[in-house]
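For reference, the chains in residue letters:
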Amino acid sequence: QVQLIESGGGLVQAGGSLRLSCAASGRTLSSYFVAWFRQAPGKEREFVARITWSLGSTYYADSVLGRYTISRDNAKNTVYLQMNSLQPEDTAVYYCAAKLSGRSVYEYWGQGTQVTVSS
């Protein structure tokens, strides 16, 4: 089992920045993909960014490419999402998720952290 705990959400003005953290426990993530998703009110959950723990390779949704950066800290077993140039449309609950390499479904999810961007 993997437990994921997100933190770092909050209220920020448009153009501002936030850094989200996803702390993992239970297992080391060397064989996992870790991703961030978000869900805005009345909308479906959408993929934001992903990192392959072993190689550190990353992939982003077009909507955040160039503004968000996903990274990991091996020693802390933690994944970060640096969010810059935030816009009101980035307002959502952000979730961290993990899956074993080769799996199609993200098996482990955090509880989410609210990000609100005011105009």
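Because the structure is predicted, anything quoted here is derived from the model rather than measured.

Rules used in this analysis
- Residues numbered from 1 in each chain as written.
- Predicted model: local features only at pLDDT ≥ 70, side-chain atom pairs only at ≥ 80, totals over all residues.
- Heavy atoms only, no water.
- Phe/Tyr/Trp six-rings, centres within 6.5 Å; stacked < 30°, edge-to-face > 60°.
- Helix = DSSP H or I, 4+ residues; strand = E, 2+ residues; numbered from the N terminus.
- Buried < 20%, exposed > 50% of the residue type's maximum accessible area, 1.4 Å probe, protein only.
- Core = buried A, V, L, I, M, F, W, Y, C linked by side-chain atoms within 4.5 Å.
- Contact = heavy atoms within 4.5 Å.
- Disulfide = S-S within 2.5 Å.
- Salt bridge = Lys/Arg side-chain N within 4 Å of Asp/Glu carboxyl O.
- Pairing = 2+ DSSP bridges.
- Axes fitted to C-alpha atoms, helices over the stretch in contact; angles between N-to-C directions.

A.B. asks: So what about the packing of aromatic side chains? Which residues, and what values?
C.D. replies: Taken as a whole and judged by the stated rule, the model has 6 aromatic pairs. With a centroid separation of 5.3 Å and an interplanar angle of 80°, the aromatic rings of Phe37 and Tyr106 are classed as edge-to-face. Taken together, the residues Phe37 in strand 4 (residues 32-39) and Tyr106 in the loop between strand 9 (92-100) and strand 10 (108-109) connect sequence positions 69 residues apart. By the burial criterion, Phe37 is buried, and Tyr106 matches it.

A.B. asks: Outline the nonpolar core, supporting the account with residue identities and numerical values.
C.D. replies: In terms of nonpolar packing, the biggest core is built from 32 residues, with Trp36, Leu81, Met83 and Tyr94 touching the most fellow members. Within the residue set of this core, elements represented by two or more residues are strand 3 (18-25), strand 4, strand 5 (46-52), strand 7 (68-73), strand 8 (78-83), strand 9 and strand 11 (113-118). Here Tyr94 is in contact with Glu6, Leu20, Trp36, Phe37, Arg38, Val48, Tyr68, Leu81, Met83, Gly112, Thr113 and Val115, once residues within four sequence places are set aside. The next biggest cluster of nonpolar side chains, apart from the first, holds 5 residues, and it includes Phe33, Ala35, Phe37 and Tyr106.

A.B. asks: So what about the environment of Gly66? Which residues, and what values?
C.D. replies: Take Gly66: it is sitting in the loop between strand 6 (58-60) and strand 7. For the pair Gly66 and Thr116, spaced 50 residues apart in the sequence, the C-alpha separation amounts to 20 Å.

A.B. asks: Give me the state of the cysteines: which residues, what numbers.
C.D. replies: Summed over the entire model, instances satisfying the criterion amount to 1 disulfide. Each sulfur in the disulfide pair Cys22 and Cys96 lies 2.0 Å from the other. Every disulfide takes its handedness from the sign of the S-S torsion; for Cys22 and Cys96 that torsion is -75°, giving left-handed. On the criterion of sequence distance, the pair formed by Cys22 in strand 3 and Cys96 in strand 9 is long-range, its members being 74 residues apart. As far as the burial class goes, Cys22 and Cys96 line up, both buried.

A.B. asks: Outline the pattern of salt bridges, supporting the account with residue identities and numerical values.
C.D. replies: Within this structure, the stated rule accounts for 4 salt bridges. Salt-bridge contacts for Asp90 lead to Arg67; the nearest nitrogen and oxygen are separated by 2.8 Å. On the criterion of sequence distance, the pair formed by Asp90 in the loop between strand 8 and strand 9 and Arg67 in the loop between strand 6 and strand 7 is long-range, its members being 23 residues apart. Each of the two residues, Asp90 as well as Arg67, counts as buried. The shortest N-O distance in the salt bridge between Arg103 and Glu107 comes to 2.5 Å. For Arg103, a relative accessible area of 42% corresponds to the partly exposed category. Classification of Glu107 by relative accessible area gives partly exposed; the value is 33%. Ionic contacts of the salt-bridge type, sharing partners, join the residues Arg38, Glu46, Arg67 and Asp90 into one network.

A.B. asks: So, the sheet that holds strand 3: which residues are in play, and what are the values?
C.D. replies: Here 4 strands make up an open sheet; going across it, the order is 1-3-8-7 and the pairing antiparallel. Because the sheet does not close on itself, it has two edges, and the strands there are strand 1 (3-7) and strand 7. Direction aside, the axes of adjacent strands within the sheet are offset by 15° on average. Pairing geometry for strand 1 and strand 3, over 5 bridges, is antiparallel. The residue bridging Ile5 from the neighbouring strand is Ala23, located in strand 3.

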